[in-house]
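# Secondary and tertiary structure notes
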Amino acid sequence: MQILVLSDSHGKIDSIPNLLKQYKNKVQTVVHLGDNARDLLQFQPEYSEMNLVAIAGNCDFSAVAPRERILTLGTKRILLTHGHSHNVKSSYHRLMYYSLEKEADVCLFGHTHIHTVFDHESVFFMNPGSLGEPRGLKPSYGLVTIDNAGNVTGEVINI
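Because the structure is a prediction, the values reported are computed rather than measured.

## A look at the overall build of the protein
Looking only at helices and strands, the protein features 3 helices and 10 strands. For the protein, the sequential pattern of α-helices and β-strands runs β-α-β-α-β-β-β-α-β-β-β-β-β. The C-alpha radius of gyration computed for the protein amounts to 14 Å, which stays within 12% of the reference 15 Å derived for 159 residues, consistent with globular compactness. Viewed in the frame of its principal axes, the protein has a C-alpha envelope of about 35 × 35 × 30 Å.

The structure is reproduced here in structure tokens:
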């Protein structure tokens, strides 16, 4: 099972239709981790066969999406959070503890506009970077894979 992970598009949607088309038959779920969650959700009618899920970030001012969400895919609990409420620009410590409290197997977050992938105490973490306003980097997105044995891996892909 694969998950396409997007974040921080900030209204710059040029790459989203291309990514949805590219991964249409490869991923089951697409998540947007906030800061213009509607950038993904507007494609729901066209991609109704895909599970499009979004959460709100600190720049999402309407109630277009919840602030946080737990997805259960297979046997994995996946925490979706933008990250601003966990001060991820300063440190990942609060987010790591929160993920453990939520009994998450995977934590997907954004907000920093800088991509990272790491494991901590059996939790897989990914920030896919930013599609719209990368900080000194190329626009990027993530691809998470959960294999049949339940192993979680992921990669960040530059556009």
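## Some remarks on the sheet that holds strand β9 (residues 140-146)
Strands pair in a sheet through their backbones, by hydrogen bonds, and they do so in one of two ways: parallel or antiparallel. Strands sit in the order β3-β2-β1-β9-β10 across an open sheet of 5 strands; the sheet is mixed. At either end of the open sheet lies a strand with only one pairing partner, and these are β3 (51-54) and β10 (152-158). For this sheet, the mean inter-axis angle between neighbouring strands, taken without regard to orientation, is 20°.

## Focus: the environment of R38
Note that R38 resides in helix α2 (residues 38-41). Residue R38 is classed as partly exposed on the basis of its relative accessible area of 43%. Distance from R38 to S9, taken between C-alpha atoms, is 9.6 Å for residues 29 residues apart in sequence. With residues near it in sequence (within four places) discarded, R38 still touches D60 and V64.

## Concerning the pattern of salt bridges
Under the definition given, this model contains 2 salt bridges. Two residues, E133 and K12, come together in a salt bridge whose shortest N-O distance is 3.1 Å. Of this pair, E133 sits in the loop between β8 (123-127) and β9 while K12 is found in the loop between β1 (2-6) and α1 (15-23), placing the two residues 121 residues apart along the sequence. K24 is the partner of E49 in a salt bridge, and the nearest nitrogen-oxygen pair spans 3.7 Å.

## Some points on the side chain of S7
For S7, the location among the structural elements is in the loop between β1 and α1. Assessed through its relative accessible area of 0%, S7 is described here as buried. Within the structure, the side chain of S7 is placed 2.6 Å from the side chain of D8, a separation counted as a polar contact. In contact with S7, other than residues within four places in its own chain, are H32, L33, G34, H82, G110, H111, P128, G129, S130 and L131.

## Description of the pairing of β10
In regular strands, side chains alternate between the two faces of the sheet. Two elements, β9 and β10, share 7 bridges in a ladder whose sense is antiparallel. Across the sheet, the residue bridging to V144 is G154, located in β10. Linking two consecutive strands that pair antiparallel, namely β9 and β10, is a turn of 5 residues; a positive phi of about 90° is found at G150 within it.

## Some words on the environment of Q42
Position of Q42 relative to the elements: it lies in the loop between α2 and β3. Exposure remark for Q42: the relative accessible area of 47% places this residue in the partly exposed category. When the C-alpha positions of Q42 and L52 are compared, they lie 9.7 Å apart, and in sequence the two are 10 residues distant. Separated by 3.3 Å, the side chain of Q42 and the backbone oxygen of D39 make a polar contact.

## Comments concerning the sheet that holds strand β5 (residues 76-81)
Strand order across the open sheet formed by 5 strands is β4-β5-β6-β8-β7, with mixed pairing between neighbours. Because the sheet does not close on itself, it has two edges, and the strands there are β4 (68-73) and β7 (116-120). Neighbour-to-neighbour, the strand axes of the sheet open up by a mean angle of 20°, direction not taken into account. Where β5 meets strand β6 (residues 106-108), 3 bridges bridge the pair, whose relative direction is parallel. From the neighbouring strand, I78 faces β6, where its bridge partner is V106. Lying over the sheet, helix α3 (residues 93-101) contacts β4, β5, β6, β7 and β8, oriented at roughly 130° with respect to β8.

Analysis parameters
Within each chain, residue numbers correspond to sequence positions counted from 1 in written order. Reporting in this predicted model follows two pLDDT cut-offs: at least 70 for local features of residues, and 80 or more for side-chain atom pairs to be given and counted; totals over whole chains, interfaces and linings ignore these cut-offs and use all residues. Excluded from the side-chain calculations are hydrogens and water; all other atoms, namely the structure's heavy atoms, are used. Helix numbers and strand numbers start at the N terminus; a helix is a DSSP run of H or I with at least 4 residues, a strand a run of E with at least 2. We compute the radius of gyration from the C-alpha atoms alone; for a globule the expected value is 2.2 Å times N to the 0.38, where N is the number of residues. Should DSSP find at least two bridges between two strands, the strands are taken to pair. Under this scheme, a helix contributes an axis fitted over its contacting stretch, all axes are lines through C-alpha atoms, and angles between N-to-C directions fall in the 0 to 180 degree range. Only protein chains enter the area calculation, which uses a 1.4 Å probe; residues under 20% of their type maximum are buried, those over 50% are exposed, and those in between are partly exposed. Residues count as neighbours in contact if any of their non-hydrogen atoms are within 4.5 Å of one another. Salt bridges are counted wherever a side-chain nitrogen of Lys or Arg sits within 4 Å of a carboxyl oxygen of Asp or Glu. Under this definition, polar contacts are N or O atom pairs within 3.5 Å; protein pairs additionally need one hydrogen-donor-capable and one acceptor-capable atom, and for neighbouring residues in sequence, both atoms have to be side-chain atoms.

Any functional reading would require information beyond the geometric quantities listed.
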